[in-house]
Amino acid sequence: MAEEKVELRDVDRPLAGDGVKKPQRPPSTFDKLIQPCLGEIIGTTFFVFIGCVSVIENVPAAGRVQPALVHGFAVAVMVACMDNISGSHFNPPFTIAIYLCGGMQLTMVGPYLASQMIGGLLGAGMSRLMVPPGNYINASGAAFDILKSDDQLMGALCGEIFMTCLVTMVVLLAAVNTKTKSPLAPFLVGCTVIINILAGGDVSGTCLNPARAFGPAVMAGYWSYHWVYWVGPLTGGVLAAGLVRLFLGDDKIRVIMK
């Protein structure tokens, strides 16, 4: 007996009855807007919280290893858990780059950026409530205080641009670009965060995320060279989007040489 070929368009056809497909309920405002934004707030909150605590309570003998592992594993876990809720951005450069590569609607960019800033504030506030006051003050509340003079600016700014470009490019290729999408995206992004911190932690502090910089800066009142942690990551994110749109993306994303 010849096998019956099942077309993809027939998969959602009822197995019994008259074969008339019932109309699906359109997504509610909660599903389209509120829940994704809550996912960004909660995910960013816990990422910033864990990251700040790892810096404030860092064991001196561990050096950069402790914050590198904590930030990387936190990213991997939160991305895996929240992916189907909000897409697991938790980082303004990621959101902007994903929009530039066609991965989200413009109307969601503003709410996502606001949600990430709120999450950064909440996470930094939670870390301040948890750690001893002396440790908090000594670590400047996990704000990025590594820059002490203008002589360090060029290296730190370039580091933030290049390292953010790398991790954003991994996000775009592993989670947005159809040709290179991978179920290992959370692991790949987390590993990229780890290697960035290990490589550049002593140059810029390896922020890569304005939400991670903003929350601790507000809570600790530390604003010295804070602009570096906005300009660098945002520039790196746009640069990564440009690389994918021009050279690395598939036919749907790439704008030249199709």
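This text follows the structure it describes.
This section reports on the structure supplied with the text. (Residues numbered from 1 in each chain as written. Predicted model: local features only at pLDDT ≥ 70, side-chain atom pairs only at ≥ 80, totals over all residues. Heavy atoms only, no water.)

**Quick notes on the packing of aromatic side chains**
1) Next: Per the stated rule, a full pass over the model turns up three aromatic pairs.
2) Next: Between F214 and W230 the ring centres are 6.3 Å apart and the planes differ by 80°, which places this aromatic pair in the edge-to-face class. Separated by 16 residues along the polypeptide, F214 in helix α8 (residues 210-220) and W230 in helix α9 (residues 228-248) bring together distant segments of the chain.
3) Next: Residue class for F214 comes out partly exposed when judged on its relative accessible area of 22%.
4) Next: W230 sits in the partly exposed class, given a relative accessible area of 27%.
5) Next: Grouping aromatic residues by their ring pairs yields a cluster made of F214, W223 and W230. (Phe/Tyr/Trp six-rings, centres within 6.5 Å; stacked < 30°, edge-to-face > 60°. Helix = DSSP H or I, 4+ residues; strand = E, 2+ residues; numbered from the N terminus. Buried < 20%, exposed > 50% of the residue type's maximum accessible area, 1.4 Å probe, protein only.)

**Side note on the side chain of R212**
1) Next: Looking at where R212 falls in the secondary structure, it is placed in helix α8.
2) Next: Despite being buried, R212 has no salt bridge partner; D145 is the closest side chain of opposite charge, sitting 9.1 Å away.
3) Next: At 3.3 Å, the side chain of R212 and the side chain of H71 are in polar contact.
4) Next: Other than its neighbours up to four places away in sequence, R212 contacts F47, V48, G51, C52, V55, H71, A142 and F144. (Lys, Arg positive; Asp, Glu negative; His and termini not counted. Salt bridge = Lys/Arg side-chain N within 4 Å of Asp/Glu carboxyl O. Polar contact = N/O pair within 3.5 Å; in protein donor to acceptor, adjacent residues only side chain to side chain. Contact = heavy atoms within 4.5 Å.)

**With respect to empty space enclosed by the protein**
1) Next: Under the criterion given, the structure shown has one cavity of 30 Å³ or more.
2) Next: Its volume calculated, the largest cavity comes out at about 40 Å³.
3) Next: Forming the boundary of the largest cavity are A143, F144, A213, A217, Y222, S224, Y225, H226 and Y229.
4) Next: Its residues assigned to classes, the lining of the largest cavity comprises seven nonpolar, two polar and no charged. (1 Å grid on protein atoms, 1.4 Å probe; cavity = no way out; pocket = protein on both sides within 12 Å on 5 of 7 lines; lining within 4 Å. Points joined across faces, edges and corners; volume = space filled by probe spheres on them. Nonpolar A, V, L, I, M, F, W, Y, C, P; charged D, E, K, R; others polar.)

**Examining the packing of helix α6 (residues 153-175) against helix α7 (residues 185-200)**
1) Next: At their nearest, the axes of α6 and α7 sit 9 Å apart, and the two run at 170° to each other. By the criterion of interaxial angle, the relationship of α6 to α7 is roughly antiparallel. Side by side, α6 and α7 meet where M163, L166, V167, V170, V171 and A174 of the first sit next to A185, L188, V189, T192, V193, N196 and G200 of the second.
2) Next: Of the residues in the contact of α6 with α7, the class split is 10 nonpolar, three polar and no charged. (Axes fitted to C-alpha atoms, helices over the stretch in contact; angles between N-to-C directions. Parallel < 35°, antiparallel > 145°, perpendicular 65-115°, else oblique.)

**Quick look at unusual backbone geometry**
1) Next: In this structure, S140 is a non-glycine residue whose phi angle is positive, near 55°.
2) Next: Locating S140 in the fold gives a position in the loop between α5 (133-138) and α6.
3) Next: Although it is not a glycine, L208 adopts a positive phi angle of roughly 65°.
4) Next: The topology assignment puts L208 in the loop between α7 and α8.
5) Next: Given a relative accessible area of 5%, L208 falls into the buried group.

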